Each structure stands twice: as structure tokens, then as C-alpha cells.
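# Structural overview for review
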Amino acid sequence: MSVVVSRTAQARSGRIPAERPSAPSLSLLTVALSGVLGLGLFAPAVQAEEAPPEDAAAQTLPTVQVTANQLGTVTEGSGSYTPGTIATATRLVLSPRQTPQSISVITRQEMNDFGLNGIDDVMKVTPGISIVTYDSERTEYYARGFAVQNFQYDGIPMARDSAYSAGNTLSDTAIYDRIEVLKGATGLLTGMGDPGATINLVRKKPTRAPAGSVTLGAGSWDSYRAGVDVGGPLTGSGRVRGRAVAAYQDKQSNVDHYQRSNEVFYGILETDIGDSTLLTVGADYQDSDPKGSSWGGIPLLDSAGKFNRMPRSFNNGARWSRWGQYARTGFATLEHTFGNDWVAKLQLNHQVNGYDASLGAAAGGNPDPVTGEGVSMWLGQYIGKTTSNAADLYVSGRFEWFGRQHELVVGGSVSRKRWVNNGYSPQPGYVSDVADYYAWTGDMPEPDWQWSYGDNQVTRESGAYVVGRFDLADPLKLILGSRIANYTSPDTDESGVVVPYAGVVYDLSRTVSVFASYSTIFKPQGNQDEQGRVLDPLEGRSYEAGLKAEFYEGRLNASAAVFQLEQDNYAQPTGGRTPSGGIAY
């Protein structure tokens, strides 16, 4: 059940326009944005708006119309479950039918209608995605047989490490306009990874007209949620626009002694610098705070070799067990449109994904079916974070060649990621045996954690990419591109890796097209041979062909495809040892 209270004016969605807000309403938005962004820029803008003009004509500025969002079409307010355009595959802004790869998009309208408040909720309804639940705080997504570790935020890549889960799959969807899942290899823009899929989370943008909503919700197992979303122009000219979003959710579960609270804050500011330049800055803050976190699973068999049947509500986690996760992001974008309709865009992203996990779970061994003995606890404390800084710069536009109009994107990206982790173990003498597994209630004392080891790893990536869309004939479009990628980590140094891309789309009619594509990706690995040499990177290739259609002006999409994925240089144990004594491959 949910109750929604809103006051909205948004010309693009066709909602009933509201009257211009008074100064107190504008001040409320300003304060909200200042709190999230930590910026003191807004008060002068408000004062300037309230000051009496010396010349009325001087106050009239031309309205800046953004003809194309370089991330694709904003879905909020469209009332549609289908996107207009997307740019995740190649940076070319294309409709799904003109994109020669399978892609699924969950729009803002669909998230609202079905209460898809978390990324897990979205993945459950995304075609072609399966979910593996490791424990209460960790899920893994799979596409086409590969784990999905590649995430993007407004098109900026970031790889996830599911072993040290740090908020990626626990993100609240309140701050996103849509979530795109691109199937197959995506190395053209992401560089490294597996060839299964990439998830792109596209943030909400400020509205040009005042808009706001308040949501309240309640559900089973003491689940409660509240959210507020307010945005609009911050100056009379509308050249400065802002938006602030906040949401809080607290819920228990059908699982014994488990609950989790989530909170998210988001602020974004857009400023039109002249008629052709758009500056965007923003930040978001997300926290997940659980109690009674499980870890690992339930033993499949008892000590007699029979199926170990347990209640659906059974929680193997201790009552003190917790896996807190958080994300902090700051971002900025500068976009300039030239007179010939070419666009240059610079994106900067600073992101911290962290975890504070003190874990204890009755997960080891096999219980005696009579006495319940034979099970011990998994125990560990892990505190760490990954700090990522990334930049991406590209230019895109149209050019004429042999009497036809074609499109081109040329760009480059650079990133640095530092992972810091500290592991702790129980104090000597801590009793980890579970007296009776079948009487387990999670009532075990928390250990006095002792530092055990630490990690400090820096990974650097850089690359340049180019992609063109060539209009060979009215119904035939060819997309060709490539990336030159460089990767450096403590174990690996790869440079000049070529990552090609090719796709073709042929329009059978105004609504139906056939397509084929070849995409690649690579993934460095730290495995060594018997001489201590690091193995070559994994090389992923995706072949895909299919049929796409769009009906009712794109409000109904259909697609069917066949595909084949390959991954070479997969490590196989030789039976020998590396010079340091590890397993050789």
C-alpha cells in the first residue's frame, strides 16, 4: 500500500500546470539542494531574482532548449514502459530498434507502478537476468551465463567485486530515471569485464517547471517507506535548475531476527552557461544498515547424508551479525553544443563504495540429525572501501560523405580505483561450535575482533575509442568502432589492447528491423604459470543476430535474438606450482 501526495507542473508530461511557486517554496528547494550538495551557490541566485530589475528588457534571456540528452531520452513523465532513445552501447543516441544489441530498459514509470524500490527488484523483472542470492546482503546477477560485474552510472563504468559487496546491488532506485541492461560484450565503452551484460543506472535530472512529490508506503513484515522529490527552476529565467531527492525505508523480514534500513539523499544542479553550454553538478549518499545478516547458506545435507530440511524463516546469522554498505558519489558534467550541431561532453565522477561487516553465521559443517551437533560458525570482520575517480571526454556529431549523412563519436577515458581492506579474526579461544543447530536462535556473543591482514590495491585504466554510424542506404546502417585500452594493477600491466565493435541494422519496414553485431571485451587475470608469468587476459566475444520492432510510436517494443558468447584464455590448473608456491595454470 502507498499514499502519494504531490504538486507537479511538468510541461513535457502533459500534467496540469501549477502556478509559479512563491519565494518560500523556492527557498525550501534551495535549502534541500544545499544540504545534499554542500554548495553555497544558491542564496545569491535567489537574492538576484528577488532584487528589483533596473531594466525589464535586461531580465529577459533566451530560453535554452536542450534538443537531445546525450544519455538518451528522459523517461520520467512519459507514462511509458519503453525508452525513447539510449546511448549505452556506443555513445550514439539511438532508439532500441536502431541499436544492434539486445537491451532492456526499466523506466521510471515501471519502477513507480510496480514499487521497484531497489536494484534487486528491478533485476527480478528484467528479461534475460537471473539472480543468485548468496546471503541477506549479497546478490549476484547473471546474463547469458556470466556474472554481471560491470556497472555504469550515467555511462561512467565501475566494476563491482561481489566478494566484498559495497552497495552496488543495494542501491535505492528513488534517484534514477531508468535502468538499462545491455546484453553481450560491452568493451567499446567499459574496457574490461565479462561478456554477459552491463547495467547502466541513469540519474534523474532537474525539471524545467516546478515539480514535487511525497510518497508514503507500508507493507508486510513491518516494511515502511517515505520519500520526497522536489525540483524546478531556481532563478526567474530558468537557467539554473535543481532537484533534491530523499528516501528512507525500514523493513523486517519473514526471516528470523533480521531487519534492514536504507536511506538515500540526492541533489543535482544544472546551469545554462550561455545558449550552448550546460554545466551539471550533483552528489548522492546511500546507506544500508542491516541487523542479523546471514552469511553463506544452509548445509544441504546432514551428517547422515540426507537432505537437511530447515524452516523458510531460518536465519543462520548471529543476532549481532551485520554487513553495512554505503556509497558516496560526486559528479560533474560539462556539455557544449557547437554551431554545426556537434557536441562535446566532459564527465567527471568521484565514487566511494564501502562496507563495515562484522559477520557470524552457523554455516560450517553438517548437523547431526539427532543431536544437532557438527556445525561451526563462519566468523570474520571486514572493513574497507573502494575509491574511484573517472573522467570521460568525447565529441559527437554528423558529417556528410558521398552525399549521405553519417554520425561519429571520438572520445577517451581514464580512471583510478583504490581498494583498501582490513580483515579481522576472533580472539584466541573463542568458541565457534554450535551446540544444537536445530535449536539455533542466533544468540552467540560477538568476538573481540583482532586484526589479521590488510589490502591496499590501486588499479588504473585508460583508453581511447572511436565509433561511426554509416548510412550506406536508406534502410541500411553500419556501425563500426574500436577501443584501445590500457590496464594496470598490482599483478597485471596490459597496454594497447584492441577492443573492436561492429553492428549492422537493416530496416524491413518503418517499424521492423533485422540486426547483427560483433562485440568484444577483455578481462585481466592474476593467475600465473609455473614460471611465474601472469596469464594473458581473458578475451570475450559476443555474436548476436535478431529482429526488432516498435509499434505505436515506440510505446511497444518487441525483439528476438540468437547469440553466441566465447571466452578464451580461461585458466586451467597444470598440477604444478608457481615459484611462490601457488597453483600454476
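Residues numbered from 1 in each chain as written. Predicted model: local features only at pLDDT ≥ 70, side-chain atom pairs only at ≥ 80, totals over all residues. Heavy atoms only, no water.

## Some remarks on the overall build of the chain
Heads up, the rule is: Secondary structure counts use DSSP, requiring at least four H or I residues in a row for a helix and at least two E residues in a row for a strand, with both numbered from the N terminus. The contact criterion used is simple: two residues touch if any of their non-hydrogen atoms lie within 4.5 Å.
The secondary structure content of the chain amounts to five helices and 25 strands. Considering only intrachain contacts with a sequence separation of at least 6, the fraction spanning at least 24 residues in the chain is 66%.

## Observations regarding the side chain of Ser102
Put simply, the rule reads: Polar contacts, as counted here, are pairs of nitrogen or oxygen atoms within 3.5 Å of one another; within protein the pair requires one atom able to donate a hydrogen and one able to accept it, and residues that are adjacent in sequence qualify only if both atoms are side-chain atoms.
Position of Ser102 relative to the elements: it lies in the loop between helix H2 (42-50) and strand E2 (103-107). Separated by 3.4 Å, the side chains of Ser102 and Arg144 make a polar contact. In terms of polar contacts, Ser102 uses its side chain to reach the side chain of Glu544, at 2.3 Å. Those residues in contact with Ser102 that sit more than four places away from it in its chain are Arg144, Val181, Leu182, Lys183, Phe515, Glu544, Lys548 and Ala561.

## Details of a nonpolar patch on the surface
As a reminder of what qualifies: By definition, no residue in a patch forms a salt bridge, and every one has over 30% relative accessible area; like charges are joined within 9 Å, nonpolar side chains (Val, Leu, Ile, Met, Phe, Trp, Tyr) within 5 Å. Methods summary: accessible areas were calculated by the Shrake-Rupley approach with a probe of 1.4 Å, and residue burial reflects only the protein chains presented. The salt bridge criterion pairs a side-chain nitrogen of Lys or Arg with a carboxyl oxygen of Asp or Glu, the two atoms within 4 Å.
Residues Tyr506, Leu508, Val514 and Leu547 make up a contiguous nonpolar surface patch of roughly 330 Å² in combined accessible area. The topology assignment puts Leu547 in strand E24 (residues 538-551).

## Topic: the packing of aromatic side chains
For clarity, the cut-off: For Phe, Tyr and Trp, where Trp contributes only its six-membered ring, two rings pair if their centres lie within 6.5 Å, and the inter-plane angle classes them as stacked under 30 degrees, edge-to-face over 60, or tilted in between. Only protein chains enter the area calculation, which uses a 1.4 Å probe; residues under 20% of their type maximum are buried, those over 50% are exposed, and those in between are partly exposed. Charge over a ring is defined by NZ of Lys or CZ of Arg lying within 6 Å of the ring centre and within 35 degrees of the ring normal.
Scanning the model with the defined rule gives 11 aromatic pairs in all. On the numbers, 5.8 Å between centres and 80° between planes, the contact of Trp295 with Trp378 is edge-to-face. In this pair, Trp295 is assigned in the loop between strand E14 (277-291) and strand E15 (322-337) and Trp378 in strand E17 (residues 375-401), connecting sequence segments 83 residues apart. A residue is classified by how much of its surface remains accessible, and Trp378, at 39% relative accessible area, is partly exposed. Three or more aromatic residues joined by ring pairs make a cluster, and in this case those are Trp295, Trp378 and Tyr382. In this arrangement the basic side chain of Arg144 is found over the ring face of Phe563, its NZ or CZ atom lying 3.9 Å from the centre. Here the basic side chain of Arg328 rests over the ring of Tyr285, its NZ or CZ set 3.7 Å away from the ring centre.

## Regarding the side chain of Thr99
Within the secondary structure layout, Thr99 lies in the loop between H2 and E2. Residue classification places Thr99 among the buried positions, given a relative accessible area of 3%. For Thr99, the contacting residues outside a window of four places in its chain are Ile86, Ala89, Leu94 and Lys548.

## Let's talk about the pairing of strand E7 (residues 156-159)
So the rule is basically this: Strand pairing is assigned whenever DSSP detects at least two bridges linking the two strands.
The alternating pattern of E7 places Ile156 and Met158 on a buried face and Pro157 and Ala159 on a face that is not buried. The pairing of strand E6 (residues 150-153) with E7 spans four bridges and is classified as antiparallel. Opposite Tyr153, over in E7, you have Ile156 as the bridge partner. The turn joining E6 and E7, which pair antiparallel and follow one another in sequence, is formed by two residues; a positive phi near 55° is taken by Asp154.

## Here's the deal with the pattern of salt bridges
Under the counting rule described, the total for this entry stands at 31 salt bridges. Of the charged contacts in the structure, one is a salt bridge between Arg91 and Asp392, with a shortest N-O distance of 3.3 Å. Remark: Asp392 occurs in strand E17 and Arg91 occurs in the loop between H2 and E2; sequence separation between them is 301 residues. Its relative accessible area of 6% is what places Arg91 among the buried residues. Relative accessible area serves as the criterion here: at 3%, Asp392 is assigned to the buried category. Residue Arg260 pairs with Glu137 through a salt bridge whose shortest N-O separation is 3.1 Å. Highlighted residues: Arg260 in strand E13 (residues 259-273) and Glu137 in the loop between strand E3 (129-135) and strand E4 (138-143), separated in sequence by 123 residues. Assigned by exposure class, Arg260 and Glu137 land together as buried. Connected through shared salt-bridge partners, Glu76, Lys204, Asp229 and Arg243 make up one network.

## Things to note about empty space enclosed by the protein
Note the threshold: Any residue with an atom within 4 Å of a point lines the site, the site being either a cavity, points on a 1 Å grid over the protein atoms alone where a 1.4 Å probe fits but cannot get out, or a pocket, an open set with protein on both sides within 12 Å along at least 5 of 7 lines. Grid points are joined across faces, edges and corners, and a volume is the space filled by probe spheres set on the points. Classification convention: Asp, Glu, Lys, Arg as charged; Ala, Val, Leu, Ile, Met, Phe, Trp, Tyr, Cys, Pro as nonpolar; all other residues, Gly among them, as polar.
Summed over the entire model, instances satisfying the criterion amount to six cavities of 30 Å³ or more. The volume enclosed by the largest cavity comes to roughly 390 Å³. Taken together, 30 residues line the largest cavity, and the ones lying closest to its centre are Pro157, Met158, Thr190, Ser415 and Glu461. When the residues that make up the lining of the largest cavity are grouped by side-chain class, the tally is 12 nonpolar, 12 polar and six charged. The calculated volume of the second largest cavity comes to roughly 80 Å³. Along the walls of the second largest cavity sit 13 residues, with Leu170, Ser171, Gln286, Asp287 and Ser288 positioned nearest its centre.

## Let's talk about the sheet that holds E4
Read across the sheet, three strands follow the order E3-E4-E5 without closing on themselves; strand pairing throughout is antiparallel. Strand pairing shows two members of the sheet lacking a second neighbour, E3 and strand E5 (146-147), which therefore form its edges. Here E4 runs beside E5; their pairing, made up of two bridges, is antiparallel. Bridge pairing in E5 links Tyr142 to Ala147.

## A look at the pairing of E17
Pairing of strand E16 (residues 343-365) with E17, which is carried by 22 bridges, proceeds in the antiparallel orientation. The partner of Gln351 across the bridge, within E17, is Ser388. The pairing of E17 with strand E19 (residues 433-434) spans two bridges and is antiparallel. Within E19, the residue paired with Ser376 across the bridge is Asp433.

## With respect to the sheet that holds E7
Put simply, the rule is: Here an axis means a line fitted to C-alpha atoms, over the contact stretch when the element is a helix, while the angle between two N-to-C directions is reported on a 0 to 180 degree scale.
Taken in spatial order, the five strands of this open sheet run E2-E8-E9-E6-E7, and their pairing is mixed. Edge positions in the open sheet fall to E2 and E7, since each of these has one partner strand only. The mean angle between the axes of side-by-side strands here comes to 20°, regardless of whether they run parallel or antiparallel. Where E6 and strand E9 (residues 197-203) come together, four bridges link them in parallel fashion. By the bridge assignment, Phe151 is partnered in E9 with Ile199.

## Remarks on the environment of Leu346
With respect to the helices, strands and loops of the structure, Leu346 is situated in strand E16. We classify Leu346 as partly exposed; its relative accessible area is 30%. As a C-alpha pair, Leu346 and Gly412 span 66 residues in sequence and 9.9 Å in three-dimensional space. Contacts of Leu346, omitting those with residues within four sequence positions, involve Ala332, Thr333, Leu334, Asp392 and Leu393.

## Some thoughts on unusual backbone geometry
For Asp154, which is not a glycine, the phi torsion comes out positive at approximately 55°. Summarising the element assignment, Asp154 is placed in the loop between E6 and E7. With phi around 55°, Glu553 is a residue other than glycine that occupies positive phi space. Along the chain, Glu553 turns up in the loop between E24 and strand E25 (556-568). Judged by its relative accessible area of 85%, Glu553 is exposed.

Honestly, that's just the spatial picture; any functional story needs more than this.
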